[in-house]
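In case you want the letters, here they are:
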Amino acid sequence: MKPYRILQIGSGMPGWAGTERYLTDLTLGLRERGHEVTIACADGSKLDAKCHEVGIPHIRLVMRRTLDWRQLPAFVQAMRRGYDVVHIHGYRDYVIPAVAARLTRVPAVVMTRHLPHAFRSRSRARLCSCLFYDKIIAVSHFVQNVLLSSGVPAERVAVVHNAIGPTPPAADGRRSLREEFGIPADAFLVAAAGRIEPPKGFDVLVRAMQRVDGHCIIFGGGDRSYLESLVLELGLSGRVHVPGFRPDVARLWASADVAVVPSTSPDCFPYAAIEALAAGVPLVGSRIGGIPETCDDGCAVLVPPGDVGALAAALSSLAASAERRRAMGAAGRARAAQFTFERMIHDVEQVYHTLLDEQPCRTR
């Protein structure tokens, strides 16, 4: 496959979350495979800082709202640099960069749909998917079904699951994080990680811990004050810990007996679930969104979202059987191996290849 010139659009991403992580991982992977990849991002954004940190070429473009047509000339000027592919990721970038790409006749315009946002009407779905974009990548079959049900033609959608890169196991294993939080080495420990916000369902997990004989640690950025108040209200201080954002998530999984993804609203593709499974930790997750796609019965227990009793029962059942946890952990490693970083990069590259090399004379 010949190398392509690719512009990844992240101009509407001021913060740092799963989409920004995907964008930088994808860019680094494509560059390793010989492609010339540039990221468009806002000056001073978290993505801008990451580009500086890891040495990704980037240009300064910003979208502060979805239909800021004043930015169109800047995007048009940027896309006259001869890119083969323009790949759009954030919801603020859905329209203006795509229009600029069409005006400058970029050969392939691609969107990755990271969130389960349905189009407002079937006519808008067909307009965007057939006029603005050559292909929409869905990060899970769940997202694909949302797109199809809102009117996107099936041939315009490709599913490429998210993935995680290889992460070395925590050097200190099970011990040090437990010592830091005063958790006995033989205590049952539940772990969770993700942005602290109501749709993630961490309050459901805290309430479930009231019925479970064990400890819990929740890593994540965001406003954790409501969780801290709930821990105090339920008398769980000393058993449930919410330390905020931590970069040492590998230590969390290494210390845990069970990982929980308790989302109460659709989660398109939970990185935490794959990370935990890759570390050999059994999973308890909500049966919602893309979570069931990441696991199977051998490595996970799925419960109804928001059901405190079901979550507590699943955790208590796993707490009672170390042998079952070991078997599920082994199955989890095998399952996580299906979501490799190399596979994701290859599949995205194949989308580009199909658009550019296999159909070079497509009619717009």
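Residues numbered from 1 in each chain as written. Predicted model: local features only at pLDDT ≥ 70, side-chain atom pairs only at ≥ 80, totals over all residues. Heavy atoms only, no water.

A.B. asks: Could you give an account of the overall build of the chain, with specific residues and numbers?
C.D. replies: When you go through the chain residue by residue, the secondary structure sums to 14 helices and 13 strands. Against the compact-globule benchmark of 21 Å for 364 residues, the chain has a radius of gyration of 22 Å, which places it among compact chains. Based on the C-alpha atoms only, the size of the chain along its principal axes is roughly 65 × 40 × 35 Å. Here the chain, with 364 residues, has 55% of them falling under the buried criterion. For the chain, the proportion of contacts with a sequence separation of at least 24, taken over those separated by at least 6, is 69%. About 15,600 Å² of surface is accessible on the chain, with carbon and sulfur atoms providing 52% of the total. Within the chain, one finds 43 positive and 36 negative side-chain charges whose respective centroids are separated by 6 Å. (Helix = DSSP H or I, 4+ residues; strand = E, 2+ residues; numbered from the N terminus. Rg over C-alpha atoms; globule rule 2.2 N^0.38 Å. Buried < 20%, exposed > 50% of the residue type's maximum accessible area, 1.4 Å probe, protein only. Contact = heavy atoms within 4.5 Å. Areas by Shrake-Rupley, 256 points an atom, 1.4 Å probe, with all protein chains shown as cover. Lys, Arg positive; Asp, Glu negative; His and termini not counted. Charge placed at Lys NZ, Arg CZ, Asp CG, Glu CD.)

A.B. asks: Can you break down the pairing of strand β8 (residues 189-193) residue by residue, with the values?
C.D. replies: Among the five residues in β8, five count as buried, and that is most of the element. Because side chains alternate across β8, one face comprises the buried residues L189, A191 and A193, and the other comprises V190 and A192, equally buried. As a crossover connection, the stretch from β8 through helix α8 (residues 202-209) into strand β9 (residues 215-219) is right-handed. By the bridge criterion, two bridges tie β8 to strand β11 (residues 258-261) in an arrangement that is parallel. Bridging across to β11, V190 finds its partner in V258. (Right-handed = clockwise from strand over helix to strand, strands pointing away. Pairing = 2+ DSSP bridges.)

A.B. asks: Could you give an account of the environment of Y91, with specific residues and numbers?
C.D. replies: Along the chain, Y91 turns up in the loop between β4 (85-88) and α4 (96-103). In the structure, Y91 is positioned 58 residues away from S149 in sequence and 19 Å away in space, judged by C-alpha atoms.

A.B. asks: How would you summarise the sheet that holds β11 if you had to cite specific residues and measurements?
C.D. replies: If you trace the six strands from one edge of the open sheet to the other, you get β10-β9-β8-β11-β12-β13, paired in parallel fashion. Of all strands in the sheet, those bounded by a partner on one side alone are β10 (240-244) and β13 (300-303). Each neighbouring strand pair of the sheet contributes to a mean axis angle of 20°, computed without reference to strand direction. Two elements, β8 and β9, share five bridges in a ladder whose sense is parallel. Within β9, the residue paired with A191 across the bridge is I217. (Axes fitted to C-alpha atoms, helices over the stretch in contact; angles between N-to-C directions.)

A.B. asks: Describe the layout of surface pockets, naming the residues involved and giving the relevant values.
C.D. replies: Reported here for the second largest pocket is a volume of approximately 460 Å³. If you list the elements that add at least two residues to the lining of the second largest pocket, you get β5 (108-113) and α5 (122-132). By residue number, the principal contributor to the lining of the second largest pocket is α5, which donates four residues. Of the residues contributing to the lining of the second largest pocket, the split by class is 11 nonpolar, two polar and three charged. (1 Å grid on protein atoms, 1.4 Å probe; cavity = no way out; pocket = protein on both sides within 12 Å on 5 of 7 lines; lining within 4 Å. Points joined across faces, edges and corners; volume = space filled by probe spheres on them. Nonpolar A, V, L, I, M, F, W, Y, C, P; charged D, E, K, R; others polar.)

A.B. asks: An account of the side chain of R113 is needed here, citing residue identities and associated values.
C.D. replies: Within the element layout of this structure, R113 appears in strand β5. For the buried R113, no salt bridge is present, and the opposite-charge side chain at shortest range is D93, 12 Å distant. Only 2.8 Å separates the side chain of R113 from the backbone oxygen of H117, close enough to count as a polar contact. When sequence neighbours within four positions are dropped, the list of residues in contact with R113 reads Y94, A118, F119, I136, I137, A138, V139, V143 and L147. (Salt bridge = Lys/Arg side-chain N within 4 Å of Asp/Glu carboxyl O. Polar contact = N/O pair within 3.5 Å; in protein donor to acceptor, adjacent residues only side chain to side chain.)

A.B. asks: Just give me the short version of the sheet that holds β5, but keep the residues and values in it.
C.D. replies: Taken together, the seven strands give an open sheet; going across it, the order is β3-β2-β1-β4-β5-β6-β7, and neighbouring strands pair in parallel fashion. With partners counted over all chains shown, the strands left at the sheet margins are β3 (58-60) and β7 (157-159), one partner each. The sheet shows a mean angle of 25° between the axes of neighbouring strands, taken without regard to direction.

A.B. asks: Got a sec to walk through the pairing of β5? Specific residues and values, please.
C.D. replies: Taking burial as the measure, the six residues of β5 include six buried ones, the bulk of the element. Burial along β5 is two-sided: A108, V110 and T112 and V109, M111 and R113, pointing in opposite directions, are all buried. Relative to β5, β4 is paired through four bridges, and the arrangement is parallel. By the bridge assignment for β5, V85 is matched with A108. With α4 bridging β4 and its parallel neighbour β5, the resulting β-α-β unit is right-handed. Read as a crossover between parallel neighbours, the route from β5 over α5 to strand β6 (residues 135-138) is right-handed.

A.B. asks: I'd like a description of the environment of L189, backed by residues and values.
C.D. replies: Looking at the secondary structure, you find L189 in strand β8. With 70 residues separating them in the primary sequence, L189 and A259 have C-alpha atoms 8.8 Å apart. Beyond its immediate stretch of four places on either side in the chain, L189 contacts R178, I183, H215, C216, I217, S255, A256, D257 and V258.

A.B. asks: A description of the packing of aromatic side chains should follow, citing residues and the corresponding values.
C.D. replies: For the structure shown, the criterion picks out two aromatic pairs. Centre to centre, the rings of F269 and Y271 are 6.2 Å apart; their planes meet at 80°, and the pair counts as edge-to-face. Looking at F269, the relative accessible area reads 6%, which means it is buried. Judged by relative accessible area, which is 11%, Y271 ranks as buried. Their ring planes at 65° and their centres at 5.6 Å tell us that F269 and F339 sit as a pair that is edge-to-face. Of this pair, F269 sits in the loop between β11 and α11 (271-278) while F339 sits in the loop between α13 (322-336) and α14 (341-358), placing them 70 residues apart in sequence. F339 carries the same exposure label as F269, and that label is buried. (Phe/Tyr/Trp six-rings, centres within 6.5 Å; stacked < 30°, edge-to-face > 60°.)

Treat this as a map of the structure, not an account of what it does.
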